[in-house]
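Per-entry structural report
Read off the chains here:
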Amino acid sequence: MSVTYHLDHLQYLESEAIHVLREVAAEFERSCILFSGGKDSICLLRLAEKAFRPSPIPMPLLNIDTGHHFPELNEFRDRRARELGARLIVRTVEDAIARGIAVPTPGEISRNRLQIPTLLAAIEEFRFDACVGGARRDEEKARAKERFFSFRDSFGQWDPRNQRPEVWNLYNTRVNPGEHMRVFPLSNWTELDVWEYIRREKLEVPSIYFSHQRLCVRRQGQWMPVTDLLPPRPGEEVRELRVRVRTIGDIISTGMIESPADSVDDIIAEIAAARVTERGSRADDKSSEAAMEDRKKLGYF
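Below: a short report on this structure. (Residues numbered from 1 in each chain as written. Predicted model: local features only at pLDDT ≥ 70, side-chain atom pairs only at ≥ 80, totals over all residues. Heavy atoms only, no water.)

Comments concerning the overall build of the protein
Counting its regular elements, the protein contains 8 helices and 10 strands. Relative to a compact globule of 301 residues, whose C-alpha radius of gyration would be 19 Å, the protein shows 19 Å and is just as compact. The dimensions of the protein, computed from C-alpha atoms along their principal axes, are 70 × 55 × 40 Å. By residue count, 52% of the 301 residues in the protein fall in the buried class. (Helix = DSSP H or I, 4+ residues; strand = E, 2+ residues; numbered from the N terminus. Rg over C-alpha atoms; globule rule 2.2 N^0.38 Å. Buried < 20%, exposed > 50% of the residue type's maximum accessible area, 1.4 Å probe, protein only.)

Digging into the pairing of strand β7 (residues 212-219)
By the bridge criterion, 6 bridges tie β7 to strand β9 (residues 238-244) in an arrangement that is antiparallel. Its bridge partner lying in β9, Leu-215 is registered against Glu-240. For β7 and strand β8 (residues 222-225), the ladder comprises 4 bridges, and the chain directions are antiparallel. Bridging from a neighbouring strand, Arg-219 pairs with Gln-222 of β8. (Pairing = 2+ DSSP bridges.)

Focus on the sheet that holds β8
The strand order across the open sheet formed by 4 strands is β8-β7-β9-β10, and the pairing between neighbours is antiparallel. Strands with a single pairing partner mark the edges of an open sheet, and in this sheet they are β8 and β10 (257-258).

Re unusual backbone geometry
Cis geometry marks the peptide bond from Arg-53 to Pro-54; its omega dihedral reads 10 degrees. On the secondary structure map, Pro-54 appears in the loop between α2 (39-52) and β2 (61-65).

With respect to the pairing of strand β1 (residues 31-34)
In β1, alternate side chains face the same way, and those of Ser-31 and Ile-33 on one face and Cys-32 and Leu-34 on the other are all buried. Sheet topology places β1 next to strand β4 (residues 130-132); 3 bridges connect them, and they run parallel. Bridging from a neighbouring strand, Ile-33 pairs with Val-132 of β4. Bridge analysis of β1 against β2 gives 2 bridges, and the strand direction is parallel. Looking at β2, one finds that Ile-33 is bridged to Leu-61. This β-α-β element, β1 to α2 to β2, shows right-handed connectivity. (Right-handed = clockwise from strand over helix to strand, strands pointing away.)

Considering the pattern of salt bridges
Under the criterion given, the structure shown has 27 salt bridges. The partner of Glu-125 in a salt bridge is Arg-91, and the shortest N-O contact between them spans 2.9 Å. Taken together, the residues span a long stretch of sequence, with Glu-125 in helix α5 (residues 112-126) and Arg-91 in strand β3 (residues 88-92) at a distance of 34 residues. Where salt bridges share partners, they join Glu-14, Arg-46, Glu-49, Lys-50, Glu-75, Arg-79, Arg-80, Glu-83, Arg-200, Glu-201 and Glu-204 into one cluster. (Salt bridge = Lys/Arg side-chain N within 4 Å of Asp/Glu carboxyl O.)

Structural notes on the nonpolar core
In summary, soluble globular proteins display a tendency toward joint burial of nonpolar side chains. By size, the foremost hydrophobic cluster in this structure holds 61 residues, and its most contacted members are Ile-33, Phe-149 and Trp-195. Take this core: its biggest share by element is 8 residues, from α2. Not counting chain neighbours up to four residues away, the residues in contact with Ile-33 comprise Leu-44, Leu-45, Ala-48, Ile-57, Met-59, Pro-60, Leu-61, Leu-62 and Val-132. Among the nonpolar cores identified, the runner-up in size contains 15 residues, and Ala-102, Leu-114, Ala-122 and Ile-123 belong to it. (Core = buried A, V, L, I, M, F, W, Y, C linked by side-chain atoms within 4.5 Å. Contact = heavy atoms within 4.5 Å.)

Quick look at helix α1 (residues 9-27)
Across its 19 residues, α1 extends 27 Å between first and last C-alpha, which sits within 8% of the 27 Å expected from 1.5 Å per residue. Of the positions making up α1, those classed as buried are Leu-10, Leu-13, Glu-14, Glu-16, Ala-17, Ile-18, Val-20, Leu-21 and Val-24. On its buried face, α1 is in contact with β1, α2, β4, β5 (149-152), β6 (180-183) and α6 (191-201). Two or three places before Leu-10, at the opening of α1, Asp-8 has a side-chain oxygen 3.2 Å from that residue's backbone nitrogen. (Expected span 1.5 Å × (residues − 1). Polar contact = N/O pair within 3.5 Å; in protein donor to acceptor, adjacent residues only side chain to side chain.)

See the structure below:
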């Protein structure tokens, strides 16, 4: 009697990501998982549980807090780390500014650029030789250029034109002192895959991903949340809308989408019909055609 063993689409992606996570644990001495509390890093933590349980997850969680995060996200981040019994390391842009590590430009509101020196300082502080992140190739064209194991030089910089080949899932993980690797186990996942995995695994996600009432201001062709950091300007349209987020960044750069989706099933149906990319609502990606790639070259996530 012949026996066949078949992995469905999600099982294949899961096994691929678990293989990458185990490769990190085997090849690197001091690795960490970049955990923001967003949907991708939530999936990453579940995969790490499956890769290493019943042993503890063998790497701490690292988050770079800009001080402009949604409070819902930080609450979820802290609580999830406690539930897992994982070590959570938080380094703040505010502290990096005070220490002279990050230098704001006069009039600059967004702290996206200031995350770069803050992250690189944390990597140097803990001597991390690998940082595992939840980035996916389908998110943005610069992310699509990344390998599973993406090399960073001693300055934390990335050269998209000089990357190591990954033939037959063979990974070159060698780094010299001061260099490190960024690792992306979810590279081949899509936004729809992430939500279908969240449904299958019954994972909790921050409430901001679901439809809720929020005061918003119309700016640069999208609805932005009204906050003390982002007050309406004279003449701007302000409405209370039923909205949610598809991708979460700073509270001043995350666009809200009008949506009635208040369950995971609703979100999956909405994404399947969407004709706008996931990061189409992120104002930080609209500053130039190559905004993300420029930031990544300097050390961004």
